[in-house]
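Given next are the chains, with one letter for each unit.
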Amino acid sequence: AQRVTQPEKLLSVFKGAPVELKCNYSYSGSPELFWYVQYSRQRLQLLLRHISRESIKGFTADLNKGETSFHLKKPFAQEEDSAMYYCALMKTGANNLFFGTGTRLTVIP
Amino acid sequence: EPEVTQTPSHQVTQMGQEVILRCVPISNHLYFYWYRQILGQKVEFLVSFYNNEISEKSEIFDDQFSVERPDGSNFTLKIRSTKLEDSAMYFCASCPGHNQPQHFGDGTRLSIL
C-alpha cells in the first residue's frame, strides 16, 4: 500500500530564512510526486510535480528514490509563502492522488 | 482562467437524509474526481470518473455514495443516507488527460446534524 508522510504539522520560519518541508513516501512502484499548496481562503492548487523539474515561486523539490523523499525547499522564505502545503503521490498507471496530512507553513516577518 | 466550481459552499443536512453535491469541471477536461477532507485529517480520494463511468474508487466510496454526470457540464456526488461521519469538506477536481495536473474546486463543507 502507498503512504505519504509529512512529519511536521506546523513549521515557522523567519522571512528570508531557508525553508524545507519534508515529505516521505512508501510505494513499491515508481510514483509520481506532487506538491499542492492552499493559501488562506483559496483552493488547493498545484505547486510543482517532480517530472517537470521546475522551480515555481522559488520552490524546488527533488525526488530521492533512495531515501523515498520529495522534500520541498526554498532558499529565502517570503511572507506570501505562508500556506498549507500538501505532498501527494500518484501510483503508476493510476490517476488519483494520495495526500499527506499537510504542513502549515508560517513565515514570520 | 477557467476554474472548477462547486455548489453549495456549505450544506447542512439531517442525518439519514440524502445529499447531492454539485461540481462543474473545467469544460475541456475528461477526468473527474471527488475527494474529501474530514476536519483535521488528510485529503482522501473517493472516486474518479472517465468516459461516463467510474474508473477507480476507494474503500470509503461504499454503496451509500454514487456519482453522475447528468449532462455535459455537471458532475455530482450523491450520499444516499448521510451519517455523522460524512461531515467533511468535499473537493471536486478535474484534469484534461491521464497523468495531467488536477484542478480543484473550492470545496463544499458538508455538516451532518
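Parameters and conventions
- Residues numbered from 1 in each chain as written.
- Chains lettered and ligands numbered in written order.
- Predicted model: local features only at pLDDT ≥ 70, side-chain atom pairs only at ≥ 80, totals over all residues.
- Heavy atoms only, no water.
- Helix = DSSP H or I, 4+ residues; strand = E, 2+ residues; numbered from the N terminus.
- Rg over C-alpha atoms; globule rule 2.2 N^0.38 Å.
- Contact = heavy atoms within 4.5 Å.
- Areas by Shrake-Rupley, 256 points an atom, 1.4 Å probe, with all protein chains shown as cover.
- Lys, Arg positive; Asp, Glu negative; His and termini not counted.
- Charge placed at Lys NZ, Arg CZ, Asp CG, Glu CD.
- Pairing = 2+ DSSP bridges.
- Axes fitted to C-alpha atoms, helices over the stretch in contact; angles between N-to-C directions.
- Core = buried A, V, L, I, M, F, W, Y, C linked by side-chain atoms within 4.5 Å.
- Buried < 20%, exposed > 50% of the residue type's maximum accessible area, 1.4 Å probe, protein only.
- Buried area = accessible area lost by both parts, 1.4 Å probe.
- Salt bridge = Lys/Arg side-chain N within 4 Å of Asp/Glu carboxyl O.
- Polar contact = N/O pair within 3.5 Å; in protein donor to acceptor, adjacent residues only side chain to side chain.

Draft legend 1. How the structure looks around the overall build of chain A. Scanning chain A from terminus to terminus reveals zero helices and eleven strands. For chain A, whose C-alpha radius of gyration is 13 Å, the value lies close to the compact-globule estimate of 13 Å for 109 residues. Summarising its shape, the C-alpha atoms of chain A cover approximately 40 × 30 × 25 Å along the three principal directions. Across chain A, every contact between residues at least 6 apart in sequence was considered, and the portion connecting residues at least 24 apart equals 57%. As presented, chain A carries roughly 5500 Å² of accessible surface, and 51% of it is formed by carbon and sulfur atoms. Of the charged side chains in chain A, 14 are positive and 9 negative, and the gap between their average positions amounts to 7 Å.

Draft legend 2. Inspection of the sheet that holds strand β3 (residues 19–24) of chain B at higher detail. Residue and element names in this part refer to chain B. On the basis of which strands lie adjacent, the open sheet formed by four strands has the order β1-β3-β8-β7 and antiparallel pairing. A strand with exactly one partner marks an edge of an open sheet, and here the two such strands are β1 (5–7) and β7 (65–68). Ignoring strand direction, the axes of neighbouring strands in this sheet form an average angle of 20°. In terms of strand pairing, β7 meets strand β8 (residues 75–79) through four bridges, oriented antiparallel. Across the sheet, Phe65 pairs through a bridge with Ile79, a residue of β8.

Draft legend 3. Structural view of the nonpolar core. Grouped together as the largest cluster of nonpolar side chains are 24 residues, with contacts concentrated most on Trp35, Leu72 and Tyr85 of chain A. Taken together, the elements giving at least two residues each to this core come down to β2 (10–14), β3 (19–21), β5 (32–38), β6 (45–49), β9 (83–90) and β11 (103–108) of chain A. When residues of this core are assigned to their parent elements, the largest contribution, four residues, is made by β9 of chain A. Counting 22 residues, the second-largest nonpolar core is a separate cluster that includes Trp34, Phe61, Tyr90 and Leu110 of chain B.

Draft legend 4. Representation of the interface of chain B and chain A. Listed as interface residues are 21 residues of chain B and, on the opposing side, 19 residues of chain A. Both sides of the chain B and chain A interface together cover about 1800 Å² of buried area, and 46% of this is carbon and sulfur. By the criterion of area lost to chain A, the three top residues of chain B are Lys42, Asn99 and Phe104 of chain B, representing 30% of everything that side buries. Between the two partners, chain B and chain A, sit two salt bridges. In this structure, Asp106 of chain B engages Arg43 of chain A in a salt bridge whose closest nitrogen and oxygen atoms are separated by 3.1 Å. There are eleven residue pairs in polar contact (both at pLDDT 80 or more) connecting chain B and chain A.

Draft legend 5. Region of interest: the pattern of salt bridges. In the structure shown here, the tally under the stated rule is nine salt bridges over all chains. A salt bridge links Lys73 of chain A to Glu20 of chain A; the shortest N-O distance between them is 3.7 Å. A residue pair is termed long-range when its members are at least 10 positions apart, and Lys73 of chain A in strand β8 (residues 72–74) and Glu20 of chain A in strand β3 qualify at 53 residues. On the accessibility criterion, Glu20 of chain A (29% relative accessible area) is partly exposed. Glu3 of chain B is paired through a salt bridge with Arg43 of chain A; the nearest N and O atoms lie 3.5 Å apart.

That's the geometry; what it means functionally is another story.
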